[in-house]
Amino acid sequence: MSKKKLCTPLSTFMRTSLTSPSDRFTKISSSQIKFSTFASPSPPPLALYNPTFHKLGQYFLGDLGFCGKSICSKAAEKLELRCWNCHSVPESLPFLFCESCRSIQPVDKSVNYFDIFGSEKKYDIEDKNLEGKYKEWQKKLHPDLVHSKSKMERDFAAEQSSRVIDAYRTLKKPLLRAIYLLKLEGVEVDEEQTVSDPELLAEIMEIREAVEEADGSEALKRILSQMQDKLKHLSDSFDNAFQSRSFEEAKTTIQRMTYYERVIEEVVKKL
Amino acid sequence: MAEPAYTVASDSETTGEEKSSSTFPEIAIGVDIGTSQCSVAVWNGSQVELLKNTRNQKMMKSYVTFKDDIPSGGISSLLSHDHEMLSGSTIFNMKRLIGRVDTDPVVHASKNLPFLVQTLDIGVRPFIAALVNNVWRSTTPEEVLAIFLVELRAMAEAQLKRPIRNVVLTIPVSFSRFQLTRIERACAMAGLRVLRLMPEPTAIALLYGQQQQQTSHENMGSGSEKIALIFNMGAGYADVAVTATAGGVSQIKALAGNTIGGEDLLQNMMRYLLPESESLFESHGVKEIESMALLRVATQDAIRKLSSETSVQVDVDLGNGLKICKVVGRNEFEQVNRKVFEKCESLIIQCLQDAKVEVEDVNDVIIVGGCSFIPKVKNIVSSIFKGKQLYEGMNPLEAAVRGAAVEGAVASGISDPFGNLDLLTIQATPLAIGIQADGKSFVPVIPRNTTIPARKDLVFTTIHDNQREALIIVYEGEGDKVEENHLLGYFKIMGIPAAPKGVPEINVCMDIDAGNVLRVLAGVVMPGSRQPANRVMEVRMPTVDDGHGWCAEALHRAYGSTLDMVTVQKKA
Ligand SMILES: [Zn+2]
């Protein structure tokens, strides 16, 4: 049984002063960005994109988001995306921050993590300077920098900034990035689900024993580099599976990666 | 509690000031209250300036002397010699005592100070008293700190010729959230508003970020990312941070800290020179206090000298027929304090690991604080970093307060035409925050070194069939067992629907907002339902009033394991 889907995260119920004012804006802007940046034929339910905001949002906005629906209905309306403060049209996308009046925009859930980092929606983004981009955003969005602004804008800052943190954290780690990519395709991965591959399980058991018996850091380092090789290999398989849109295969690869990741964590702990 | 009445500025006053601040912002001052020394600095419009007291000192001793009815602190006081500070009427080391309970080993280590630290060992706040007219008069660390801050504020106001309300204070990494509330309380008592409490090494990281920004401007470079390790060891605490800075933005990658410092080196050395010192001085009689003071001063001098010399002659007459006449070598000093130095080493290594940074990736190694002059400390750092040249360009004693002053300016919304305040530090949580579950285990919900703001959920479940209530006991720290951590608060979830054990999902969500405020939310969801089964509880932490260690004990006695929870099983 998949525990994860049953567990409703509590942040769902969390009071936030944000939700009410920002909704108004989000609804207007979401349709626009949607059409300007997405090429994919059938976008997945947007509320699933971001763990934090989906949890917050789903309760107030209804599950699975307004986007799937509102996009269709509003498609013809062609609402224009403008700054809430000075009404300028954004110079560039994604529109998190207005360059003309330097005000922070409300969170637009249709902007995904890859959009935030100006990256293509793909697995292999190692060459991207994520940290640099992350810092660039924080310098514009971080709540510490907007003390003198209105309560509303400080809330936008808090939400945008923490969303950029989530995005950075997710894209930086291959495993989280992989899970997120599948989520964008509407495929939920349950990391906790056990793999019913006796060979893998036996192998993991063996490695675990080796880790436990390992004497000295040399032996542990050897195991570590073996694990990293395996992970690299799996990582490539995921990329291939994802590119050929074999999502089921991609999903099992992720579950396998989880096992190796955990062993690596254990080794690092012991080192 | 018998604390003196204090006034907290009313809300209307605050808003009034905020309004005026938009046109002419008040620059917050940076304050570094060390265990032994204190300093104040402010952004003067173009750079950081350290404030001096009337005796032209930038570094002032952190203490308060109680005499008759007028206490006076180290900012203004004219103690001519260390001995006067050690007469029993002066309280110092308050940074080591604040917000701790009487079962804390750090409090126990303070029992051989000249003033009175009494413990009942039941997990309540220790009894602290100063000798006034031959009477032990009780006080609290908060009160002592507040008196000190009042003096400090007056000094700053006289220097800057304007009222001071806002401060940025540096704090040790290992301070619990409960201890932070005690610091805030002392500030409120002194009429100060805390704009930010900055872990010391992160203040230094900010200063480093500013320096990097300035050099990259000078070189017209794009300013590539630089990683620095900061090791800061003062009299009371040792802290480490790994920071990655680029374009004025510093991301704190990891923090580590511990209550070890010059005070421990000193006490270990005193014990070495006079093994029976603790029992000799326990009675705190007039003669004993005198001897203790003499020994303390002599040991302090010896340690100071050992930084430049390889051996030192200790020659002191403690009275009562006690004489110490001994040559102490630097190697002896290092041997006596082996454990302290080992801890320093492991803190640095742990911090590097947490930051996932290899020794080779570190661009700059910064060591600051009063203990940075000790050769052994330099050697430890040097050997971890394979002989790498240490970063120069930071005054080891002023770095933290300078960083705090820069933050004071940034947080007050001051801008600088040269971009010198175009800075941001993205903080991380120094300690894990979690709850008691799986017996007496501490289960972190927000792990340490999580970027702030942060929000995390974890799911727990009941351990008994038809368990209708569950206790959420929130702790902060690094220990696997709850009793090794700091208690932040507790509350009960009620109205769990009757169900077999393991079925109800008890959701615990922790949220730290940009202002570093922690909220804990808890609610129950039954499988298959999308609605919580009861009203979600939201509790702002910490709720504990006085760090009462016995609260947890009492809860355990009252409820046993009847209201316990377990984590929802992860796969092996
Ligand atoms: Zn604008």
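Quick notes on the rules
- Residues numbered from 1 in each chain as written.
- Chains lettered and ligands numbered in written order.
- Predicted model: local features only at pLDDT ≥ 70, side-chain atom pairs only at ≥ 80, totals over all residues.
- Heavy atoms only, no water.
- Helix = DSSP H or I, 4+ residues; strand = E, 2+ residues; numbered from the N terminus.
- Rg over C-alpha atoms; globule rule 2.2 N^0.38 Å.
- Contact = heavy atoms within 4.5 Å.
- Areas by Shrake-Rupley, 256 points an atom, 1.4 Å probe, with all protein chains shown as cover.
- Buried < 20%, exposed > 50% of the residue type's maximum accessible area, 1.4 Å probe, protein only.
- Pairing = 2+ DSSP bridges.
- Axes fitted to C-alpha atoms, helices over the stretch in contact; angles between N-to-C directions.
- Parallel < 35°, antiparallel > 145°, perpendicular 65-115°, else oblique.
- Left-handed = near helix turned anticlockwise from the far one by under 90°.
- Nonpolar A, V, L, I, M, F, W, Y, C, P; charged D, E, K, R; others polar.
- Donors = N, O, S within 2.8 Å, 3.2 Å for Na, K, Ca; no water.
- Tetrahedral: all angles 85-135°; square planar, octahedral: opposite > 155°, others 65-115°.
- pLDDT = per-residue confidence, 0-100.
- Expected span 1.5 Å × (residues − 1).
- Core = buried A, V, L, I, M, F, W, Y, C linked by side-chain atoms within 4.5 Å.
- Domains from an automatic or database assignment.
- Polar contact = N/O pair within 3.5 Å; in protein donor to acceptor, adjacent residues only side chain to side chain.

## A few points about the overall build of chain B
Secondary structure summary: chain B contains 15 helices and 28 strands in total. Whereas a compact globule of 572 residues would reach a radius of gyration of roughly 25 Å, chain B reaches 25 Å, a difference of no more than 12%. With the C-alpha coordinates of chain B rotated into their principal frame, the extents come out at 75 × 65 × 55 Å. Of the contacts formed within chain B by residues at least 6 apart in sequence, a portion of 67% connects residues at least 24 apart. Carbon and sulfur atoms form 51% of the exposed surface of chain B, whose accessible area is close to 23,400 Å².

## Digging into the overall build of chain A
Broken down by element type, chain A carries 11 helices and zero strands. Taken across its 271 residues, chain A has 52% of its residues classed as buried. For chain A, the accessible area works out to roughly 13,000 Å², and carbon and sulfur atoms hold 52% of it.

## Some thoughts on the sheet that holds strand β7 (residues 90-92) of chain B
Residue and element names in this part refer to chain B. In space, the three strands of this open sheet follow the order β6-β5-β7, with antiparallel pairing throughout. Since the sheet does not close on itself, it has two edges, and those belong to β6 (70-73) and β7, each with one partner. Adjacent strand axes in the sheet meet at a mean angle of 20° when their direction is disregarded. Where strand β5 (residues 63-67) meets β7, three bridges bridge the pair, whose relative direction is antiparallel. Counted as the bridge partner of T65 is T90 from β7.

## What to know about the packing of helix α8 (residues 262-273) of chain B against helix α10 (residues 286-305) of chain B
Residues and elements named next belong to chain B. The interhelical angle for the contact between α8 and α10, taken along N-to-C directions, is 115°, at an axis separation of 9 Å. If you check the angle between α8 and α10, you find them roughly perpendicular. For the pair α8 and α10, the sense of crossing is right-handed. Residues E263, L265, L266, M269, M270 and L273 of α8 touch α10, and the partners they reach there are M292, L295, R296, T299, Q300 and I303. The residue inventory of the contact of α8 with α10, partitioned by class, reads eight nonpolar, two polar and two charged.

## Some words on the coordination of the zinc ion
Residue and element names in this part refer to chain A. In the first shell of the zinc ion, the protein supplies C83 (SG), C86 (SG), C98 (SG) and C101 (SG), at 2.2 to 2.4 Å from the metal. Each of the four donor atoms bound to the zinc ion contributes to angles spanning 105 to 113°, and the resulting shape is tetrahedral. Mapping the donors of the zinc ion onto the primary sequence gives the spacing C-x2-C-x11-C-x2-C. Of this pair, C86 sits in the loop between α4 (67-74) and α5 (113-116) while C98 sits in the loop between α4 and α5, placing them 12 residues apart in sequence. In this structure C98 comes out as buried when scored by relative accessible area, which is 2%.

## Considering helix α8 (residues 174-184) of chain A
Residues and elements named next belong to chain A. Here α8 lies mainly inside the structure; nine of its 11 residues are buried. Among all positions of α8, only L175, R177, A178, I179, Y180, L181, L182, K183 and L184 are buried. If you follow the buried residues of α8, they end up packed against α5, α7 (151-172), α10 (216-243) and α11 (247-270). G186 sits one or two positions beyond α8 and adopts a positive phi of about 85°.

## Notes on the confidence of the model for chain B
Residue and element names in this part refer to chain B. Per-residue confidence for chain B gives a mean pLDDT of 89; residues scoring 70 or more make up 93%. Contacts for the low-pLDDT stretch residues 1-23, under 50 throughout, to residues beyond four places or in other chains number 21 contacts. Here the prediction assigns the complex a pTM of 0.84, and the interface score ipTM is 0.75.

## Some points on helix α6 (residues 177-189) of chain B
All names here are of chain B. Compared with an ideal rise of 1.5 Å per residue, which puts 13 residues at 18 Å, α6 spans 18 Å between its outermost C-alpha atoms and is within 8% of the ideal. Summarising burial for α6: 10 of the 13 residues are buried, a large majority. By the burial criterion, the buried members of α6 are R177, F178, Q179, L180, R182, I183, A186, C187, A188 and M189. Looking one or two places after α6, you find G191, whose phi comes out positive at around 75°.

## Quick word on the nonpolar core
Formed by 89 residues in total, the largest nonpolar core has its most connected members in B:I29 and B:I366. Contact partners of B:I29, with chain neighbours within four places excluded, come to B:V40, B:A41, B:V42, B:L152, B:A156, B:L160, B:I164, B:N166, B:V167 and B:V168.

## Observations regarding the domain arrangement of chain B
For chain B, the domain assignment lists domain 1 (262-336) and domain 2 (432-567). Each of domain 1 of chain B and domain 2 of chain B was reduced to a C-alpha centroid, and the two centroids are 47 Å apart.

## Quick look at the environment of B:T35
Residue and element names in this part refer to chain B. Turning to its location among the elements, T35 is positioned in the loop between β1 (29-33) and β2 (37-43). Taking the C-alpha atoms as reference points, T35 and L86, 51 residues apart in sequence, are found 15 Å from one another. Here T35 is in contact with S62, N93, K95, R96, A235, G236 and Y237, once residues within four sequence places are set aside. From its side chain, T35 meets the backbone nitrogen of G236 in a polar contact 3.3 Å long.

## Observations concerning the sheet that holds strand β28 (residues 565-567) of chain B
All names here are of chain B. Overall, antiparallel pairing links the five strands, which are arranged β27-β26-β25-β22-β28 in an open sheet. Of all strands in the sheet, those bounded by a partner on one side alone are β27 (537-541) and β28. When the angles between neighbouring strand axes are averaged without regard to direction, this sheet yields 30°. Sheet topology places strand β25 (residues 505-512) next to strand β26 (residues 518-525); eight bridges connect them, and they run antiparallel. Residue pairing for β26: I512 is matched across the bridge by L518.

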